[in-house]
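The primary structure of each chain is shown beneath.
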Amino acid sequence: MIAGFKRTEVRRGQEWYVQPVSEHQAQKEYTCPGCGRIVGVGVSHLVAWRADGVLGDTADLGARRHWHTHCWRIS
Ligand SMILES: [Zn+2]
């Protein structure tokens, strides 16, 4: 489950939905696409997916990626 305020940001010329994930909501491990390392359980981070809808909303949601907050900011 994800909560918090969804927002949009532009990265590399593409628009993305970005949503924060709190420590309590982080209950699985993910691989961060920014650094290739694990986003651990209980680590607040954010999830991003494309907002331009090229693939359709369902496909875009399926392509969500979990990022370390720091890695997203410097990407
Ligand atoms: Zn990372």
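Keep in mind that what you see is a predicted model, and the values were worked out from it rather than measured.

Draft legend 1. Molecular detail of the overall build of the chain. Within the chain one finds two helices and six strands. Helices (α) and strands (β) of the chain occur, in sequence order from the N terminus, as β-β-β-β-β-α-β-α. Computed over its C-alpha atoms, the radius of gyration of the chain comes to 12 Å, within 12% of the 11 Å expected for a compact globule of 75 residues. The principal-axis extent of the C-alpha atoms belonging to the chain is close to 30 × 25 × 20 Å. Counting only residues that meet the buried cut, the chain has 29% of its 75 residues in that class. In the chain, once contacts between residues fewer than 6 apart in sequence are set aside, the share between residues at least 24 apart is 46%. Accessible area of the chain: about 4900 Å², with a carbon and sulfur share of 52%. For the chain, the separation between the mean place of its 10 positive charges and that of its 7 negative charges on side chains is 4 Å.

Draft legend 2. Representation of the side chain of His66 within the structure. Looking at where His66 falls in the secondary structure, it is placed in strand β6 (residues 65-67). Polar side-chain contacts of His66 include one of 2.8 Å to the side chain of His45. Not counting residues up to four positions away in its chain, the partners in contact with His66 are Tyr30, Thr31, Cys32, Pro33, Val39, His45, Leu46 and Val47.

Draft legend 3. How the structure looks around the sheet that holds strand β1 (residues 7-11). A sheet is described by the order of its strands in space; here four strands give the open sequence β1-β2-β5-β6, paired in antiparallel fashion. The open sheet has two edge strands with one neighbour each: β1 and β6. Taken over all neighbouring pairs, the strand axes of this sheet differ in orientation by 40 degrees on average, direction set aside. Across three bridges, the pairing between strand β5 (residues 45-50) and β6 is antiparallel. Each residue of the ladder has a partner; that of Leu46, found in β6, is Trp67.

Draft legend 4. Region of the structure containing the pattern of salt bridges. A full pass over the atoms with the stated rule returns two salt bridges. Note that Arg7 and Glu9 form a salt bridge whose closest N and O atoms lie 2.9 Å from each other. Judged by its relative accessible area of 37%, Arg7 falls in the partly exposed class. One salt bridge connects Glu9 with Arg11, and the closest N-O pair in it is separated by 3.4 Å.

Draft legend 5. Looking closely at the nonpolar core. Grouped together as the largest cluster of nonpolar side chains are nine residues: Trp16, Val18, Cys32, Val39, Leu46, Ala48, Trp67, Cys71 and Trp72. If we ignore the near neighbours within four places in the chain, the residues touching Val39 are Lys28, Glu29, Tyr30, Cys32, His45, His66, Trp67 and His68.

Each value, and the rule that gives it
Residues numbered from 1 in each chain as written. Predicted model: local features only at pLDDT ≥ 70, side-chain atom pairs only at ≥ 80, totals over all residues. Heavy atoms only, no water. Helix = DSSP H or I, 4+ residues; strand = E, 2+ residues; numbered from the N terminus. Rg over C-alpha atoms; globule rule 2.2 N^0.38 Å. Buried < 20%, exposed > 50% of the residue type's maximum accessible area, 1.4 Å probe, protein only. Contact = heavy atoms within 4.5 Å. Areas by Shrake-Rupley, 256 points an atom, 1.4 Å probe, with all protein chains shown as cover. Lys, Arg positive; Asp, Glu negative; His and termini not counted. Charge placed at Lys NZ, Arg CZ, Asp CG, Glu CD. Polar contact = N/O pair within 3.5 Å; in protein donor to acceptor, adjacent residues only side chain to side chain. Pairing = 2+ DSSP bridges. Axes fitted to C-alpha atoms, helices over the stretch in contact; angles between N-to-C directions. Salt bridge = Lys/Arg side-chain N within 4 Å of Asp/Glu carboxyl O. Core = buried A, V, L, I, M, F, W, Y, C linked by side-chain atoms within 4.5 Å.

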